Amino acid sequence: MSYPRVLTIQDISCVGQCSLTAALPVISACGVEACPIPSAVLSTHTAGFKNFTFRDLTDDMPLIKEHWIREGIKFDAIYTGYLGSAKQISYVKDIMASVVKDGGVAVIDPAMADNGKLYLGFDMAFVEEMKKLCALADYLIPNITEASLLTGIEYKTEYDEKYIRSLLNALTEMGCKNIILTGVSYAADTTGVVIYENGNYSYYNHEKIERGCHGTGDVYASAFVGALMRGKTACDAARIAADYTLLCIKETLEEPEHWYGVKFEPVLGKLIDALK
Ligand code: PXL
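Keep in mind the model is a prediction, meaning the values are calculated, not measured.

1. Describing the site of the ligand
In the vicinity of the ligand, the residues found are D11, S13, C18, S19, L42, H45, T46, A47, Y82, Y119, H214 and D218. Within the side chain of D11, one N or O atom sits 2.8 Å away from a nitrogen atom of the ligand. The fraction of the free accessible surface of the ligand (320 Å²) that becomes covered by protein chains is 98%. For the shell around the ligand, a count of residues per class yields five nonpolar, five polar and two charged.

Pasting the structure below:
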């Protein structure tokens, strides 16, 4: 796969440094072609801004797919993030079946919740649909809130390895092949990601910064996809993405008034270096 091409389906939040405005530059910086299908266009993301616009692009999705089929356009991987409606999920499954190459990789970030709560506008009917998409994932990248909603296992802020394994096992029973569970912290000053790949668990642990910032999940998943498509193993890609996301958070916190997003741009060079 000398010059891989990734299809990514998520929204454009015009202001907010998340979803496509992060995914496209991050994947491009990894040296990988990134083609978007915008699921919706919002004036800003939905966390912290009021009265944002929301243009649902569900009806464009099958039209874009049909055109690509006529043109013979296919992708080495599909990576999905924030989706605008439950109906979109069935279109995404359809797109996956028709424009991803045989043996292509499906990376699903079930971007719908954090800190024990669904994002504004989502409900359990959306979660039910999302379960069906997650079942098709070669790599699923949930946080603990999303893993708990998908599996019906109680959400906990204090937990042990047994709890984390119960989430991972339940996700594999749903059909997910490999899982990168983010935001797993067993100690006050560290956090990390648990990688479940081909039946093996590993944990990449790093410094924990108390104040998170919006969009880090999207930056993480995008860097993971970029690194994976550059031929890194899932463990290496998970580590590279974690180191990069940590740098982005540090960069953001240097400017306390930058509250709405994650400053991933100034450290893109470090991500490029990590892939050399
Ligand atoms: O970062 C996830 C995300 C993406 N897109 C929109 C969001 C959010 C999280 O709140 O609101 C529109």
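Here the narrative resumes.
2. Comments concerning the packing of aromatic side chains
On inspection of all chains with the given rule, the structure shows eleven aromatic pairs. Taking the ring centre of Y201 as reference, the NZ or CZ of R165 above it sits at 3.8 Å.

3. A word on helix α3 (residues 86-99)
The end-to-end C-alpha separation of α3 is 21 Å, in line with the 20 Å expected for 14 residues at 1.5 Å each. Listed as buried for α3 are Q88, I89, V92, I95, M96 and V99. Projection of α3 onto a plane perpendicular to its axis shows the buried side chains occupying an angular sector of 120°, all on one side.

4. Notes on the sheet that holds strand β10 (residues 190-197)
By definition, the strands of a sheet pair up through backbone hydrogen bonds, in either a parallel or an antiparallel sense. A sheet is described by the order of its strands in space; here nine strands give the open sequence β3-β2-β1-β4-β5-β8-β9-β10-β11, paired in mixed fashion. This sheet does not close on itself; its edge strands, each paired only once, are β3 (54-56) and β11 (200-207). Across five bridges, strand β9 (residues 178-187) lies against β10 in antiparallel orientation. Within β10, the position partnered with I180 by the bridge is I195. Along the sheet, helix α1 (residues 19-29) contacts β1 (5-15), β2 (33-44) and β4 (75-80); its crossing angle with β1, the most-contacted strand, is approximately 135°.

5. Remarks on the packing of α1 against helix α7 (residues 216-229)
Two numbers describe how α1 lies on α7: the axes approach to 9 Å, and their chain directions differ by 30°. With respect to each other, α1 and α7 are oriented roughly parallel. The element α1 and its partner α7 pack so that their crossing is right-handed. Residue-level inspection shows S19, A22, A23, V26 and I27 of α1 in contact with α7, the latter providing D218, V219, S222, A223 and V225. Classifying every residue of the contact of α1 with α7 by side-chain character gives seven nonpolar, two polar and one charged.

6. Remarks on the pairing of β2
Judged from the nine bridges that link them, β1 and β2 form a sheet pairing that is parallel. Of the residues in β2, the one forming a bridge with I12 is V41. Between β1 and its parallel partner β2, the chain crosses via α1, and the hand of that crossover is right-handed. Two elements, β2 and β3, share three bridges in a ladder whose sense is antiparallel. Looking across to β3, one finds that A40 is bridged to D56.

7. As for the nonpolar core
Among the nonpolar cores identified, the biggest contains 45 residues, and L7, I9, M112, M130, L140, I164 and L181 are the most heavily contacted of them. Residues I180, A238, I249 and L271 belong to the second largest nonpolar core, which totals 43 residues.

8. Thoughts on the pattern of salt bridges
Within the structure shown, the criterion is met by 14 salt bridges. Between E66 and K65 there is a salt bridge whose closest N-O contact spans 3.4 Å. Among the ionic pairs, E129 bridges to K132, the shortest N-O distance being 2.7 Å. Here E129 pairs with K132, and both are found in helix α4 (residues 124-134), just three residues apart, close to one helical turn. In this structure K132 comes out as partly exposed when scored by relative accessible area, which is 43%. Look at the salt bridges and you will find they share partners, linking K65, E66 and D94 into a network.

9. Concerning the pairing of β4
By the criterion of burial, β4 is predominantly enclosed, with six of the six residues buried. As judged from the four bridges shared by β1 and β4, these two strands associate in the parallel manner. The residue bridging L7 from the neighbouring strand is I78, located in β4. Pairing between β4 and strand β5 (residues 100-108): five bridges, direction parallel. For Y79, the partnering residue across the bridge sits in β5 and is V107.

Here is what the cut-offs are and how they apply
- Residues numbered from 1 in each chain as written.
- Predicted model: local features only at pLDDT ≥ 70, side-chain atom pairs only at ≥ 80, totals over all residues.
- Heavy atoms only, no water.
- Near = heavy atom within 4 Å.
- Polar contact = N/O pair within 3.5 Å; in protein donor to acceptor, adjacent residues only side chain to side chain.
- Areas by Shrake-Rupley, 256 points an atom, 1.4 Å probe, with all protein chains shown as cover.
- Nonpolar A, V, L, I, M, F, W, Y, C, P; charged D, E, K, R; others polar.
- Phe/Tyr/Trp six-rings, centres within 6.5 Å; stacked < 30°, edge-to-face > 60°.
- Lys NZ or Arg CZ within 6 Å of the ring centre and 35° of its normal.
- Helix = DSSP H or I, 4+ residues; strand = E, 2+ residues; numbered from the N terminus.
- Expected span 1.5 Å × (residues − 1).
- Buried < 20%, exposed > 50% of the residue type's maximum accessible area, 1.4 Å probe, protein only.
- Arc of directions from axis to C-beta.
- Pairing = 2+ DSSP bridges.
- Contact = heavy atoms within 4.5 Å.
- Axes fitted to C-alpha atoms, helices over the stretch in contact; angles between N-to-C directions.
- Parallel < 35°, antiparallel > 145°, perpendicular 65-115°, else oblique.
- Left-handed = near helix turned anticlockwise from the far one by under 90°.
- Right-handed = clockwise from strand over helix to strand, strands pointing away.
- Core = buried A, V, L, I, M, F, W, Y, C linked by side-chain atoms within 4.5 Å.
- Salt bridge = Lys/Arg side-chain N within 4 Å of Asp/Glu carboxyl O.

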